[in-house]
Amino acid sequence: RVLLVTDGVTEAENAYGDRFGDIELDAVARLDNLRDILQRLYAFQRNLKAEDDWTFFELSYLGLQPDQARPLETGQNSNWLT
């Protein structure tokens, strides 16, 4: 899993002026889905207006299903998924 975020996420502040930061981001990145991550970010910031946008990009590789994997045959090119 790869999770990319913009600086608006780590720079989000709560009512005390504390930033969400890299440590909290590392902790929430271990959650199962983006909805849970957003809930934690909203809970941290409470009702404060965000000063910057929050952008997330998640890429997950779930692997091939057994019926999708086909081995190369002699003479085939390396594009084995077609």
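Up top is the structure these notes are about.
Residues numbered from 1 in each chain as written. Predicted model: local features only at pLDDT ≥ 70, side-chain atom pairs only at ≥ 80, totals over all residues. Heavy atoms only, no water.

Colleague: Residue-level account of a nonpolar patch on the surface, with values.
Modeller: A grouping of Val2, Leu4, Phe57 and Leu59 is seen on the molecular surface, where their side chains present a nonpolar patch of about 380 Å² in accessible area. Every element with two or more residues in the nonpolar patch is listed here: strand S1 (2–5) and strand S2 (56–59). Topologically, Leu59 is positioned in strand S2. (Patch = residues over 30% accessible without salt bridge, like charges linked within 9 Å, V, L, I, M, F, W, Y side chains within 5 Å. Areas by Shrake-Rupley, 256 points an atom, 1.4 Å probe, with all protein chains shown as cover. Salt bridge = Lys/Arg side-chain N within 4 Å of Asp/Glu carboxyl O. Helix = DSSP H or I, 4+ residues; strand = E, 2+ residues; numbered from the N terminus.)

Colleague: Pulling in residues and values, what's your account of the pattern of salt bridges?
Modeller: As enumerated under the stated definition, the model contains four salt bridges in all. Arg19 is the partner of Glu13 in a salt bridge, and the nearest nitrogen-oxygen pair spans 3.7 Å.

Colleague: Describe the packing of aromatic side chains, and please don't skip the residues or the numbers.
Modeller: Applying the stated criterion to the full structure yields two aromatic pairs. Plain terms: the ring middles of Phe20 and Phe44 are 5.2 Å apart, the flat faces sit at 75° to each other, and that makes the pair edge-to-face. In this pair, Phe20 sits in the loop between helix H1 (7–10) and helix H2 (21–28) while Phe44 sits in helix H3 (residues 34–45), placing the two residues 24 residues apart along the sequence. Classification of Phe20 by relative accessible area gives buried; the value is 4%. The interplanar angle of 55° and the centroid separation of 5.1 Å between the aromatic rings of Tyr42 and Trp54 together place this pair among those described as tilted. Here Trp54 lies in the loop between H3 and S2 and Tyr42 lies in helix H3, a separation of twelve residues in the sequence. (Phe/Tyr/Trp six-rings, centres within 6.5 Å; stacked < 30°, edge-to-face > 60°. Buried < 20%, exposed > 50% of the residue type's maximum accessible area, 1.4 Å probe, protein only.)

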